[in-house]
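# Coordinate analysis (summary)
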Amino acid sequence: MKREGKILIFLIIFMMLSVLIWAGGKEEVQAGAAEEKIEEKEKEPQYGGTLTLGLRKDTSGFDQAYGTGFSAPNLHMTNECLTFGDWSRGPAGTDETKWGYPGRELTYMAPCLLESWEIPDRDHIILHVRQGVHFQNKPPVNGREMTADDVAFTINRQFTEPTAYLARVHKGWFKSAEVTDEWTVVVTGEDSARYPSIYTMAMVLGDEWIVPRDLIEHYGDIKDWRNANGTGPFSLVDYVAGSHMTFDRNPTYWGKDPVGPGKGNQLPYLDHVRMQVIEDSSTRIAAMRTAKVDWIYEVGWEDGEALLKQRPEIEYHRAQLRKWVGLFMRTDTKPFDDIRVRRALHMAVDLQGITDAYYGGNAVTLNFPIMNSEDWPEYKDSYVPLEELPESTRELFEYKPEKAKQLLAEAGYPDGFKTNVIGEKKDAALLSLFAGYFKDIGVDLEIKIKEPTVFKGIYNLNEHDQMIAPWLLSSHPYDFTELDPIHDMNCSIVDDPYINEKRAVLMAYENKENKALLDKYAKEVSLYSLDKAYVIQTPAPYQYRLWWPWLKNYNGELVVGMYNYYNFAQWVWIDQDMKKAMGY
Amino acid sequence: MRSYIIRRLLLMIPTIFLVTLIVFSLSRLIPGSVLDLMVAEMSTGIGILDPVEAKEAIRHALDMDVPIHIQYMRWLTAVLHGDLGESLWTGVSVTKQLMRAFPVSVELVLMGLLIALLIAFPIGLYSALRQDTGGDYIGRTIAILAISLPNFWIATMVIVYPSIWWNWMPSIDYIPFTSNPIGNLLQFLLPATILGMLMAGVIMRMLRTMMLEVMRQDYIRTAWAKGLREKTVVMRHALKNTLIPVITLIGLYMATMIGGTVIIEQIFSLPGIGRLMIHALDRRDYPIISGINLALCFIVLMINLVTDLTYAYLDPRVKYK
């Protein structure tokens, strides 16, 4: 090799080593500098600044009539519902609820676009519309005041437009929404077993994003983001599909800070909110690490811990993911119609072992049918911890393969049996664990992995012949939708008279305010259904919500209301001095 | 030549028609339908759902309750009028979405190609002209690395490690070319380089091989014998003949890469056609799937035509009648 070539190779190797050595020492220097600069003291809320949220997905659209409100985060900035979460009852105030999950409970809801509401009977809601609330100052609405007519128009549209979620799922309840005077709307429905008022009324109050009538009459719809208009704290000023959305403060917003050092202040504090769409998880975490975004959520426990080690100044909130994988067994077919078989399979699995080994201890074993989560403290009275379960139920969560074999023999399967489970690719490893455990008791589990869309088709119509392993969103503690005979989430095809009777009380409109009764019945259903082993639940892993410390007045909230994702933006503020001091 | 071009353009018509038939039917034959997905999404809300009833309601709302051949004729008629339809989920025009996403991917691919050529040509030529020297070994090593290292791995490393070591990451905020051309080009530089690396490696090796072969030809020996300088021998006599297979390669690359940018777009948060296609496939958004495939088909046909015409330019022996 010529001399020049040798020199070149030597130089390249030297440069690479230098870079590696230099980069390895960089982190400590940065942490030290940050510590010197931070001056932590209580401060009055400051106006100004931009909050950048790192989202996993782009919006599903700008018009609730063409999809769902919960998958359109822009609506949660620019528009409002009739109610929203009472911020003062969350961590910023009395801490009765964490606002970590969406829900249908009206207990912690505050009037938003309403002054008040009444539910005189199960078929009527009377809405007293708030006065002095204005739409954004853009044509054709031009900042006019919202009236009862806008509210009635929106509700009627959502229940009659064929593409709207409410029309597809709750239309059976709805009859009409009529304006009875300038500031009053009466919504009429019809309660039934299939369309219980307790659901639809909650949707009317908590998931109707009010739009101005003249906007829809002028444009026909709000498919174009430029036409978005609402009463919300921010207005949408820029949208690049698949990249970001930018919102500016709405100067005519009606809301005031309800609690804390800024009580009574005009909201919002932020000048801008930016929703950055970052689909790749590594990129999203890198963006958080470099403060390109101020906040991210649903970060897995491994990534969360690694990031906090690298950037210990980042603040966090940890709670279970509200979703978990369940092994649902068809209880209307053999062999799962026999409780001994179901209990045997449950005991054959070392759930605690999975929590410890597969999730590194970063998961909660008992999540069904009620989830005991830090994000749901208001339902702790309906939850029974693992250690307090009755003996016969607790043993299901203990690893007892010998007893499992014995139960199978009693049920007529001394040599085990063959079965299958339909699952998704992302759960293949977990299902393999289950297959291994089942094999030890003679049960041959065939894992059938389906492409996600195909899987959803099978799951929707319960077309699995034996077992299915969906990721289920934990239902509301009083709903037990996974055990409801007419709900598609009931993948075990449970139709249990005891559960049905208790659910009827839980779903009864008259009992919706009686928390003590609801907690009592929820606990009873929970204990009963656990003992019946209708579902083999898997541990729910912890996930992190992470934010930089300059995001103030924020304590890990996610959904302040029914489906009002990210609307905490209207109450938080940015400590711009701190951000600068930290070098960002 | 003109009649050849016209003939090629006319031949595109039956090809595109066949493609419309294939993309329309195949996308609807993918297991799992959009109806199932829409029903599943509604299940994540609250309320009791009759999935059968909900599915039929959605089928009717989306005009999917007519026979498939009627759906195809309606779609084709609209396409002939320049309307690719609307997204089944958002109702937004497919044409609008394609016009937004295509320039991003095209820019990424073109920049990737340009960077690939800027890297590959000097290194490939040097490697060939200085065969078996240290420089040749380094060049060949670079080419092997460029081919063998997966670009999605490189992209992830480029995102993750600088963020840990230097608290830096590339911009993830898409800057449209029209609003800030310099910012846009700077943003695309890194992803385009990573995208172009595979192509750079392949071109380097192809160029080196072809150049070595051409340099051994008699007419090149004659050129040397005439006393011409190396630069003249290479650039005027050897390079053109070297380029013909390279042009084929570039044409193939362009055709495949426009739809193959999805991973780079995903990692660098670029809203291109790759991401749009993946989302559309995930959500079975048939009009978008069909629209993208149709547009890609047209682009591939045009690229093939341009490639063929380039041969005629490079090699005077190639004549199209």
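As a starting point, this report considers the structure included with it. As the structure is a prediction and not an experimental result, all values here were calculated from the model.

A separate point is the overall build of chain A. Of the regular secondary structure elements, chain A holds 18 helices and 22 strands. Relative to its length of 584 residues, chain A is compact, with a C-alpha radius of gyration of 27 Å against a globular reference of 25 Å. Across the 584 residues in chain A, those meeting the buried criterion constitute 60%. Taking all contacts inside chain A whose residues are at least 6 apart in sequence as the whole, residues at least 24 apart take part in 73%. About 22000 Å² of surface is accessible on chain A, with carbon and sulfur atoms providing 52% of the total. Between the mean site of the 64 positive side-chain charges and the mean site of the 88 negative ones, chain A shows a separation of 5 Å.

So, on to the sheet that holds strand 6 (residues 174-181) of chain A. Residues and elements named next belong to chain A. Judged by pairing direction, the sheet is antiparallel, and its 4 strands sit side by side in the order 4-5-7-6 without closing on themselves. In this open sheet, the two edge strands, each paired with only one partner strand, are strand 4 (114-121) and strand 6. Neighbour to neighbour, the strand axes of the sheet diverge by 20° on average, direction disregarded. Summarising the sheet, strand 6 and strand 7 (residues 184-189) pair through 6 bridges and their orientation is antiparallel. Looking at the pairing, Ala177 lines up with Val187 of strand 7. Of the strands in this sheet, strand 5 (124-129), strand 6 and strand 7 touch helix 4 (residues 148-160), which is tilted by about 170° from strand 6.

Across the contact, 65 residues belong to chain A and 56 residues belong to chain B. Approximately 5300 Å² of surface area, both sides summed, lies buried where chain A meets chain B, with 60% of it carried by carbon and sulfur atoms. The largest per-residue losses of area from chain A upon contact with chain B belong to Arg168, Glu279 and Thr453 of chain A, which jointly make up 12% of the total buried on that side. In this assembly, chain A and chain B are joined by 4 salt bridges. Arg284 of chain B is paired through a salt bridge with Glu451 of chain A; the nearest N and O atoms lie 2.7 Å apart. Scanning the region where chain A abuts chain B turns up 22 residue pairs in polar contact (both at pLDDT 80 or more). At the level of elements, helix 1 (3-24), helix 2 (26-37), helix 5 (165-169), helix 6 (197-206), strand 10 (272-277), helix 8 (281-289) and helix 15 (452-460) of chain A are the ones that each hand at least two residues to the side of chain A that touches chain B. The dominant element in the side of chain A that touches chain B, judged by the number of residues it contributes, is helix 1 of chain A, at 7 residues. Per-class residue counts for the side of chain A that touches chain B are 30 nonpolar, 18 polar and 17 charged.

This part takes up the packing of helix 9 (residues 218-225) of chain B against helix 10 (residues 230-257) of chain B. Residues and elements named next belong to chain B. In contact at an axis separation of 10 Å, helix 9 and helix 10 are set at 165° when each is read in the N-to-C sense. Here helix 9 is positioned roughly antiparallel relative to helix 10, judged by the angle of their axes. With respect to the hand of their crossing, helix 9 and helix 10 are arranged in right-handed fashion. Facing Tyr219, Ile220, Ala223 and Trp224 of helix 9, the residues of helix 10 in contact are Glu230, Val233, His237, Ala238 and Asn241.

Attention shifts here to the pattern of salt bridges. All names here are of chain A. For the structure shown, the criterion picks out 42 salt bridges over all chains. Notably, a salt bridge pairs Asp95 with Lys98, separated by 3.0 Å at the nearest N-O pair. Since its relative accessible area comes to 35%, Asp95 is described here as partly exposed. Taking relative accessible area as the criterion, Lys98 reaches 22% and is therefore assigned partly exposed. A salt bridge links Asp271 to Arg249, with the nearest nitrogen and oxygen atoms 2.8 Å apart. Placement of the pair is Asp271 in the loop between strand 9 (244-249) and strand 10 and Arg249 in strand 9, with a sequence separation of 22 residues.

Basis of the calculations
Residues numbered from 1 in each chain as written. Chains lettered and ligands numbered in written order. Predicted model: local features only at pLDDT ≥ 70, side-chain atom pairs only at ≥ 80, totals over all residues. Heavy atoms only, no water. Helix = DSSP H or I, 4+ residues; strand = E, 2+ residues; numbered from the N terminus. Rg over C-alpha atoms; globule rule 2.2 N^0.38 Å. Buried < 20%, exposed > 50% of the residue type's maximum accessible area, 1.4 Å probe, protein only. Contact = heavy atoms within 4.5 Å. Areas by Shrake-Rupley, 256 points an atom, 1.4 Å probe, with all protein chains shown as cover. Lys, Arg positive; Asp, Glu negative; His and termini not counted. Charge placed at Lys NZ, Arg CZ, Asp CG, Glu CD. Pairing = 2+ DSSP bridges. Axes fitted to C-alpha atoms, helices over the stretch in contact; angles between N-to-C directions. Buried area = accessible area lost by both parts, 1.4 Å probe. Salt bridge = Lys/Arg side-chain N within 4 Å of Asp/Glu carboxyl O. Polar contact = N/O pair within 3.5 Å; in protein donor to acceptor, adjacent residues only side chain to side chain. Nonpolar A, V, L, I, M, F, W, Y, C, P; charged D, E, K, R; others polar. Parallel < 35°, antiparallel > 145°, perpendicular 65-115°, else oblique. Left-handed = near helix turned anticlockwise from the far one by under 90°.

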